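Reading the structure
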Amino acid sequence: MTHHDHSLEPARFLTENLDILPKGRTLDVAMGRGRNAVYLAKMGFEVEGIDISPEAVHAALERARSVGVSLNARIADLENDYLIERGAYHLILCFNYLQRSLIPQIKEGLRVGGMVVYETFIVDQARFGKPTNPDYLLKHNELLEMFRDFRCLRYREGLAEKERAVASIIAEKQ
């Protein structure tokens, strides 16, 4: 793989807002191959990652090792056998994954003053291809509504790049 492989780059919404995020115990939900988890570990965060794919988790651990950072990663099915530890995290992030039933757990998993960084696809994405299933697409303003009880620090919705329609939020638990 070349170093220009887009899938290895951390999310722009994350890197652009790094300065407002609380350093400390961090959970990357559905972390995939760890592009964001490894980036945050490099930046001094204490990162745990979780994903259903053993292949992705091994790739993330391998990547963390290759850049010399520590990453605590585990394989688990978020829809079935996993509960986010309550009041445990300073930061919880989730990119390109939508499981509405997980939102209350994300909120409870954060300490007061902790933050969520969430970005995933909105209904407009269906025009461009996957995902098209409404279960995996946010309605307009839905992400904002989900975190209405948090203090919203950053929010955007629409085309993040060509053919990528997303909603992105950073919000702080009060």
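Residue numbers here run from 1 along each chain, matching the order of that chain's written sequence. Only residues with pLDDT of 70 or above have their local features reported here, since the model is predicted, and side-chain atom pairs are shown and tallied only from 80 upward, although totals for entire chains, interfaces and linings are computed over all residues. In computing side-chain values, all of the structure's heavy atoms are included and hydrogens and water are not.

1. Digging into the environment of L102
Tracing the sequence through the fold places L102 in the loop between β4 (89–95) and α4 (103–109). Note on contacts: a residue pair is in contact if any heavy atoms of the two residues lie within 4.5 Å. Filtering out sequence-adjacent residues up to four positions away, L102 remains in contact with V29, L78 and Y97. Each helix is a run of H or I in the DSSP string that is no shorter than four residues. Each strand is a run of E no shorter than two, and both are numbered from the N terminus.

2. Brief notes about the packing of aromatic side chains
Here a pair means two rings of Phe, Tyr or Trp (six-membered ring of Trp) with centres within 6.5 Å. Their orientation is stacked below 30 degrees between planes, edge-to-face above 60, and tilted elsewhere. Tallied over the full model, the rule gives 1 aromatic pair. Geometrically, the ring pair formed by F147 and F150 is edge-to-face, given 5.5 Å between the ring centres and 65 degrees between the ring planes. Whether a charge sits over a ring comes down to the Lys NZ or Arg CZ being within 6 Å of the ring centre and within 35 degrees of the ring normal. Here K107 stacks its cationic end above the ring of F147, 5.5 Å away from the centre of that ring.

3. What to know about the nonpolar core
In summary, soluble globular proteins display a tendency toward joint burial of nonpolar side chains. What we call a nonpolar core is a set of buried Ala, Val, Leu, Ile, Met, Phe, Trp, Tyr and Cys residues that are connected through their side-chain atoms within 4.5 Å. Buried, partly exposed and exposed residues are distinguished by accessible area as a fraction of the type maximum, computed with a 1.4 Å probe on protein chains only: under 20%, between the cut-offs, and over 50%, respectively. One finds V29, Y118 and F147 to be the most contacted residues of the largest nonpolar core, which totals 29 residues. Top element by residues in this core is strand β7 (residues 164–172). It accounts for 4 residues. Excluding anything up to four places from it in sequence, F147 contacts I103, I106, K107, V116, Y118, I169 and A171.

4. Some details on the sheet that holds strand β5 (residues 110–121)
Ordered by their spatial adjacency, 7 strands build an open sheet running β3-β2-β1-β4-β5-β7-β6, and the pairing between neighbours is mixed. Looking at which strands have only one partner, the edges of the open sheet turn out to be β3 (72–75) and β6 (151–161). When strand polarity is set aside, the average angle formed by the axes of neighbouring strands in this sheet is 10 degrees. With 5 bridges joining them, strand β1 (residues 25–29) and strand β2 (residues 46–51) adopt parallel strand pairing. Within the sheet, the bridge partner assigned to L27 lies in β2 and is E48. DSSP calls a pair of strands paired once it identifies at least 2 bridges connecting them. Orientation is described by lines fitted to C-alpha atoms, with helices fitted over the stretch in contact, and by angles between N-to-C directions that extend from 0 to 180 degrees.

5. Observations concerning the confidence of the model for the chain
The predictor rates its confidence in each residue with pLDDT, a number between 0 and 100. Taken over all residues, the pLDDT of the chain has a mean of 94, while the share at 70 or more is 96%. The low-confidence segment residues 1–5 (pLDDT under 50) makes 4 contacts with residues lying over four places distant or belonging to another chain.

6. Topic: the packing of helix α2 (residues 35–42) against helix α3 (residues 54–67)
In contact at an axis separation of 9 Å, α2 and α3 are set at 30 degrees when each is read in the N-to-C sense. For the element pair α2 / α3, the angle class is roughly parallel. Pair α2 / α3 crosses with right-handed handedness. Each of R35, V38 and K42 in α2 lies in contact with α3, whose residues at this interface are A60, R63, A64 and V67. Three residue categories are used. Nonpolar comprises Ala, Val, Leu, Ile, Met, Phe, Trp, Tyr, Cys and Pro, charged comprises Asp, Glu, Lys and Arg, and polar comprises the others, including Gly. The residue inventory of the contact of α2 with α3, partitioned by class, reads 4 nonpolar, no polar and 3 charged. Any angle that is under 35 degrees is reported as roughly parallel, and any over 145 degrees as roughly antiparallel; angles of 65 to 115 degrees are reported as roughly perpendicular and all others as oblique. The sense of a crossing depends on the near helix, which, turned anticlockwise from the far helix by less than a right angle, makes the crossing left-handed and, turned clockwise, makes it right-handed.

7. Some remarks on the side chain of N17
Along the chain, N17 falls in the loop between α1 (12–16) and β1. Identification of polar contacts relies on pairs of N or O atoms within 3.5 Å, with a donor-acceptor requirement for protein atoms, meaning one able to donate a hydrogen and the other able to accept it, and with residues adjacent in sequence counted only if both atoms are side-chain atoms. Polar side-chain contacts of N17 include one of 2.8 Å to the backbone oxygen of F13. Once residues within four sequence positions are removed from consideration, N17 is found in contact with R154 and I170.

8. Notes on α2
Counting buried residues along α2, 7 of its 8 residues qualify, which places the element largely inside the surrounding structure. Residues of α2 that are buried: R35, N36, A37, V38, Y39, L40 and A41. At the exit of α2 stands G44, carrying a positive phi of roughly 100 degrees.

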